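# Report on the structure
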Amino acid sequence: MIVILHGWSDSSASFRAVAQFLAGASPINGPVLPLWLGDYISMDDDITFDDLADAMTSAWSARGLPLTPRSVDLVVHSTGALVARHWMTRAFTPTTNPIRRLVMLAPANFGSHLAHKGHSFVGRVWKGYRSKRLFHTGKRILHGLEMASQFIRDLSDRDLFAKDRWYGSDRVLVTTIIGSSGY
């Protein structure tokens, strides 16, 4: 089974083509499911990464996804990587985690140099005008997305630098895919 999780200010609809492609690929065993998580909340200024992790738990449960260790492959984009890592380290241990493979597409693992633009007046107008809550851009999420933010340092201490390994051939197997040019 493959689950797809999008990033900040995005929606699961942007992954329909990827989900269809993966569903049609011959080596895939089981369904490909997008998780509707930030479709409605990641742009709210009051939402935190804890709220997104809680929403991921709820969405996981609502979809009836398995919780057995190493039973699900997860594809994430951008901020979705931070949400997934935060969710894993809050809800599981390295040996009880349901994620088998984690494919990160342009993850914001160390922050994003674009996060501060969402805080700006122009960012609040440009992105916030289309938000469900007028001129909201996900202020608390963007704060956590700042380069080397306290949230990112704490998250890295919990998984990347933890005494008990989260990643490896017998744990979560990670593949990171990034581009070679900027926006």
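Residues numbered from 1 in each chain as written. Predicted model: local features only at pLDDT ≥ 70, side-chain atom pairs only at ≥ 80, totals over all residues. Heavy atoms only, no water.

### Focus on the side chain of N97
Threshold: We count a stretch as a helix when DSSP gives it H or I for four or more residues in a row; a strand needs E for two or more, and each element gets its number in order from the N terminus. Note on exposure labels: buried denotes an accessible area under 20% of the residue type's maximum, exposed denotes more than 50%, and partly exposed covers the range between, all computed with a 1.4 Å probe on protein chains only. Contacts between residues were defined by any pair of non-hydrogen atoms, one from each residue, lying within 4.5 Å.
Mapped onto the elements, N97 comes out in the loop between α3 (79-91) and β4 (99-105). Look at N97 and you get buried, because its relative accessible area is 1%. When near neighbours in sequence (up to four residues on either side) are disregarded, N97 contacts T68, P69, R70, M88, F92, W166 and V172.

### Describing the packing of aromatic side chains
Here is the rule: Here is the rule: rings of Phe, Tyr and Trp (six-membered ring for Trp) pair when centre to centre is within 6.5 Å. Planes less than 30 degrees apart are stacked, more than 60 are edge-to-face, and the remainder are tilted.
Evaluated as defined, the whole model comprises three aromatic pairs. Centroid distance F49 to F151: 4.1 Å. Interplanar angle 10 degrees. Geometry classified as stacked. Remark: F151 occurs in helix α7 (residues 150-158) and F49 occurs in helix α2 (residues 49-62); sequence separation between them is 102 residues. In this structure F49 comes out as buried when scored by relative accessible area, which is 5%. Aromatic pair W60 and W87: ring centres 4.7 Å apart, planes at 40 degrees, arrangement tilted. With W60 in helix α2 and W87 in helix α3, this residue pair connects regions lying 27 residues apart in the sequence. A residue is classified by how much of its surface remains accessible, and W87, at 3% relative accessible area, is buried. By the ring-pair criterion, three or more aromatic residues cluster together here, those being W60, W87 and F92.

### So, the confidence of the model for the protein chain
Cut-off, in case you're wondering: pLDDT gives the predictor's per-residue confidence on a scale running from 0 to 100.
Looking at the protein chain, the pLDDT average stands at 80 and 73% of residues meet or exceed 70. Ranking the elements of the protein chain by mean pLDDT puts helix α5 (residues 121-126) last, at 51, and α7 first, at 95.

### Quick notes on a nonpolar patch on the surface
The condition that has to hold: Patch rule: a residue counts if its relative accessible area is over 30% and it has no salt bridge; like charges are joined within 9 Å, and nonpolar side chains (Val, Leu, Ile, Met, Phe, Trp, Tyr) within 5 Å. Method for areas: the Shrake-Rupley scheme with a 1.4 Å probe, in which residue coverage is limited to the protein chains shown. One side-chain nitrogen of Lys or Arg within 4 Å of one carboxyl oxygen of Asp or Glu is enough to make a salt bridge.
Together, F110, L160 and F161 give the surface a local cluster of nonpolar side chains, amounting to about 360 Å² of exposed area. Considering the arrangement of structural elements, one finds F110 in the loop between β4 and α4 (115-119). A relative accessible area of 58% places F110 in the exposed class.

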